[in-house]
Amino acid sequence: MYNKVTVEDLQVKGKKVLVRCDFNVPLDENGNITDDTRIVGAMPTIEYLVNNGAKVILCSHMGKPKGEPVPELSLAPVAKALSEKLGKEVVFAADDNVVGERAKAAVQEMNDGDVVLLQNTRYRKEETKNVDEFSKELASLADMFVNDAFGTAHRAHCSNVGVTQYLKPAAAGYLIQKEIEFLGNAVNNPVRPLVAILGGSKVSSKISVIENLLKKVDKLIIGGGMAYTFFAAQGKTTGNSLLEEDYIDYAKKMLDEAGDKLLLPVDTVVANDFSNDAESKVVEGDIPDGWEGLDIGPKTVKLYQDALADAKTVVWNGPMGVFEMPNFAKGTNAIAQTLADIDATTVIGGGDSVAAVNQAGLASKMSHISTGGGASMEFLEGKDLPGIVALTDK
Ligand code: ADP
Ligand code: MG
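Residues numbered from 1 in each chain as written. Chains lettered and ligands numbered in written order. Predicted model: local features only at pLDDT ≥ 70, side-chain atom pairs only at ≥ 80, totals over all residues. Heavy atoms only, no water.

1. Notes on the pattern of salt bridges
- For the structure shown, the criterion picks out 17 salt bridges.
- Close ionic contact of Lys-13 with Asp-112 constitutes a salt bridge, the shortest N to O distance being 3.3 Å. With a gap of 99 residues between them, Lys-13 in the segment before β1 (16–20) and Asp-112 in the loop between α3 (101–108) and β4 (115–118) connect regions that are remote in the sequence.
- The exposure class of Lys-13 is exposed, given its relative accessible area of 59%. (Salt bridge = Lys/Arg side-chain N within 4 Å of Asp/Glu carboxyl O. Helix = DSSP H or I, 4+ residues; strand = E, 2+ residues; numbered from the N terminus. Buried < 20%, exposed > 50% of the residue type's maximum accessible area, 1.4 Å probe, protein only.)

Written out as structure tokens, the structure is:
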């Protein structure tokens, strides 16, 4: 488990603190922020630093400008949103070099408690290659570093990893601390029984997660499109369902190793087409020719609810069906409702799983919703996250 210096361990009064945030927010065609979850998530760290008299220099990437200035990917709208949320002006250093003359001048003028936001770090081609030159430039602006960008913690870039070589101490912000606490405890130090729910489209994208979690969980529940490769491994027919032929042997091996730890659907909602309006029915066991599985069936929901009833920790990654289509979202919604109802620590990771829980209106009922899709996946895979490893140990 990580044991890193946190923002509260720093003496920040009067100090220039560079903070890596995840302001990679979605914008509409007019440049308006359509979902400010990530900005809201960064506020506790920013407010703490402002209230404690630091000079707060914020940086983040947005989208993929591929190493050059792209006006549509400017962080200007983020500066505006931040100013509103903080109730105080956040100065935007509109500097195409990120750390150029304008940025340096803006930092020069700061008083204690002021906030400056730098331009999109990916305007610089060095950023994603973790090239020293840009890391040094970023570090030269500040006295200490805080990383609160969990969403990029699985990448080693200048603004989260390179910079820690030149700016010490490097501390974890509140958001990263919360991610480490919930994901870390769920996987490595859980209150048992620990149940993992894995779904989504493909076995192939979740192999490392399955392997890592199988060693740790008391039960592993499988749903979503990946279930059908396991069906094939059991000798069942799968009709037109998602099937990864190359992974059938792998699924067989997993079934052998897992024994009765692993739960598979006992019934399936099948459709005659991949569309919300398709004809559908519930089948048990084999999936007939001409039909494809798009959701878990009602008996499976009951089976999984029973398996979750006494769980004390639950980790969920991957929806149980094609939740984007209302007619095939029932299984996913029922599992989300179950997690909302049980007396357990519930941790949701993975972009689509989080979207499904939001769509069901149950996000506030979960113990923790991870803010990093890729990063939370790598955490569940048991991998070290470079953005966290690079922070100063306690
Ligand atoms: P996450 O982002 O939570 O890690 P994934 O990306 O692995 O999840 O999978 C999410 C996708 O899996 C969704 O778009 C969903 O529609 C799809 N999916 C789930 N069940 C099925 C199924 N039975 N057939 C086809 N696609 C499915
Ligand atoms: Mg996904």
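2. Side note on helix α1 (residues 37–51)
- Taking 1.5 Å per residue, 15 residues should reach 21 Å; α1 reaches 22 Å between its end C-alpha atoms and fits that length.
- For α1, the principal kink sits at Met-43 and spans about 40°; a proline, Pro-44, occurs within the next four residues.
- Ile-39, Ala-42, Met-43, Thr-45, Ile-46, Leu-49 and Val-50 are the residues of α1 that are buried.
- Residues of α1 that are buried sit in contact with β1, β2 (55–59), α2 (76–86), β4, β5 (144–147) and α5 (174–188). (Expected span 1.5 Å × (residues − 1). Bend = angle between axes of the 7 residues up to and from the residue. Contact = heavy atoms within 4.5 Å.)

3. Considering the nonpolar core
- Grouped together as the largest cluster of nonpolar side chains are 73 residues, with contacts concentrated most on Leu-18, Leu-118, Phe-150, Ile-210, Leu-220 and Phe-230.
- The residue makeup of this core includes at least three contributed by each of domain 1 (7–177) and domain 2 (190–380).
- Apart from residues lying up to four places away in sequence, Leu-118 is in contact with Leu-18, Ile-57, Leu-58, Cys-59, Leu-75, Phe-92, Ala-93, Val-98, Ala-103, Leu-138 and Leu-141.
- Of all hydrophobic cores here, the second largest spans 32 residues; its members include Val-25, Ala-42, Leu-82 and Val-146. (Core = buried A, V, L, I, M, F, W, Y, C linked by side-chain atoms within 4.5 Å. Domains from an automatic or database assignment.)

4. A few points about the site of ligand 1
- Taken together, 19 residues lie near ligand 1, and Lys-206, Gly-293, Glu-324, Asp-352 and Ser-353 sit nearest.
- A distance of 3.4 Å is found between an oxygen atom of ligand 1 and a side-chain nitrogen or oxygen belonging to Asn-317.
- Notes on ligand 1: free accessible area 580 Å², of which the protein chains cover 85%.
- Within the residue set of the shell around ligand 1, elements represented by two or more residues are β12 (292–296) and α11 (351–359).
- It is α11 that contributes the most residues to the shell around ligand 1, three residues altogether.
- Across the shell around ligand 1, the residue classes break down as five nonpolar, 11 polar and three charged. (Near = heavy atom within 4 Å. Polar contact = N/O pair within 3.5 Å; in protein donor to acceptor, adjacent residues only side chain to side chain. Areas by Shrake-Rupley, 256 points an atom, 1.4 Å probe, with all protein chains shown as cover. Nonpolar A, V, L, I, M, F, W, Y, C, P; charged D, E, K, R; others polar.)

5. Concerning the packing of helix α6 (residues 207–216) against helix α12 (residues 373–380)
- Contact geometry of α6 with α12 gives a least axis separation of 8 Å together with a crossing angle of 45°. Taken as axis vectors, α6 and α12 run oblique relative to one another. Contacts between α6 and α12 involve Val-209, Asn-212 and Leu-213 from the first element and Met-377, Phe-379 and Leu-380 from the second. (Axes fitted to C-alpha atoms, helices over the stretch in contact; angles between N-to-C directions. Parallel < 35°, antiparallel > 145°, perpendicular 65-115°, else oblique.)

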